[in-house]
Amino acid sequence: EPEVTQTPSHQVTQMGQEVILRCVPISNHLYFYWYRQILGQKVEFLVSFYNNEISEKSEIFDDQFSVERPDGSNFTLKIRSTKLEDSAMYFCASKGGSSYNEQFFGPGTRLTVL
Amino acid sequence: QKEVEQDPGPLSVPEGAIVSLNCTYSNSAFQYFMWYRQYSRKGPELLMYTYSSGNKEDGRFTAQVDKSSKYISLFIRDSQPSDSATYLCAATFTGNQFYFGTGTSLTVIP
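Residues numbered from 1 in each chain as written. Chains lettered and ligands numbered in written order. Predicted model: local features only at pLDDT ≥ 70, side-chain atom pairs only at ≥ 80, totals over all residues. Heavy atoms only, no water.

Asks: Please provide a residue-by-residue account of the sheet that holds strand E7 (residues 61–66) of chain B, values included.
Replies: Residues and elements named next belong to chain B. If you trace the five strands from one edge of the open sheet to the other, you get E1-E3-E8-E7-E6, paired in antiparallel fashion. The two strands at the open ends of the sheet, each matched to only one other strand, are strand E1 (4–6) and strand E6 (54–58). Averaged over neighbouring strand pairs, the angle between their axes works out to 20° when direction is ignored. (Pairing = 2+ DSSP bridges. Helix = DSSP H or I, 4+ residues; strand = E, 2+ residues; numbered from the N terminus. Axes fitted to C-alpha atoms, helices over the stretch in contact; angles between N-to-C directions.)

Here it is as structure tokens:
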């Protein structure tokens, strides 16, 4: 069964460093998403991406965040200068098309900022 | 932000019990409602998806939406130890940004 994959499973970085989180969405899906979940808190929407551009973003997704689909399979989230409060699980999700509303989530990347 | 509220539990039931999980939401513009299951340190796994009000059944799971009272429910019949997980409800206007509840932790005791 097709699934969303994410790498790495755990990333440890120093405050102020740049990190890139990688996702491979389900192959025929067209919409891509990033969410985060701080330990013990809700899953929070960060950004949605369609047709090579951001379609929606939340207040959390400020200038230190960026997303990219560098090729036909990968979808990345870059955090330019990490802060302690960026420590969280980051989930990538994808869905098939505009008539579908089921988003399928990857296993997540645990980001720890020291 | 309190768009979707969910009792975090924890909820503990004996094997075979009927489980009722509930959420409320504040924004009447939500059109689509989802239930996800999340095992510890894993990604949310889609269980059920419903559009507007009504019921939807899939095996032992039934999702119910009452838009008049802004209430979302998930019923699990004949609960099994493998159902032990955190259950997340979610709602969306557009199908893009999902608003999640905090999740309810469920333990099914053999």
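Asks: Lay out the pattern of salt bridges with the relevant residues and their values.
Replies: It is possible for side chains bearing opposite charge to pair when their charged atoms get close. Residues and elements named next belong to chain B. Evaluation of the coordinates by the stated rule reveals five salt bridges over all chains. A salt bridge links Arg37 to Glu45; its shortest N-O distance comes to 3.1 Å. Exposure remark for Glu45: the relative accessible area of 35% places this residue in the partly exposed category. Here Glu57 ties to Arg77 by a salt bridge, and the two come within 3.5 Å at their closest N and O atoms. In this pair, Glu57 is assigned in strand E6 and Arg77 in the loop between strand E8 (71–76) and strand E9 (85–92), connecting sequence segments 20 residues apart. On the basis of relative accessibility, which here comes to 29%, the residue Arg77 falls in the partly exposed class. (Salt bridge = Lys/Arg side-chain N within 4 Å of Asp/Glu carboxyl O. Buried < 20%, exposed > 50% of the residue type's maximum accessible area, 1.4 Å probe, protein only.)

Asks: An account of the side chain of Gln6 of chain A is needed here, citing residue identities and associated values.
Replies: Residue and element names in this part refer to chain A. As for its position among the elements, Gln6 is in strand E1 (residues 5–7). In this structure the side chain of Gln6 is engaged in a polar contact, spanning 3.0 Å, whose partner is the backbone nitrogen of Cys92. At a separation of 3.0 Å, a polar atom in the side chain of Gln6 contacts the main-chain amide nitrogen of Gly108. Apart from the residues lying within four places of it in its own chain, the contact partners of Gln6 are Arg22, Cys23, Trp34, Tyr90, Phe91, Cys92, Gly106, Pro107, Gly108 and Thr109. (Polar contact = N/O pair within 3.5 Å; in protein donor to acceptor, adjacent residues only side chain to side chain. Contact = heavy atoms within 4.5 Å.)

Asks: Break down the interface of chain A and chain B for me, with residues and values.
Replies: Each partner contributes residues to the interface: chain A has 22 residues there, and chain B has 23 residues. The contact between chain A and chain B buries some 1800 Å² in all, and 51% of this surface belongs to carbon and sulfur atoms. Taken together, the connections running from chain A to chain B amount to one salt bridge. Here Lys42 of chain A and Glu5 of chain B are joined by a salt bridge, their closest N and O atoms 3.6 Å apart. Breaking the side of chain A that touches chain B down by element, the ones donating at least two residues are strand E4 (31–37), strand E5 (43–50), strand E6 (53–57), strand E9 (88–95) and strand E10 (104–105) of chain A. Residues of the side of chain A that touches chain B, tallied by class, amount to 10 nonpolar, seven polar and five charged. (Buried area = accessible area lost by both parts, 1.4 Å probe. Nonpolar A, V, L, I, M, F, W, Y, C, P; charged D, E, K, R; others polar.)

Remember, this is a structural readout, not a statement about activity or role.
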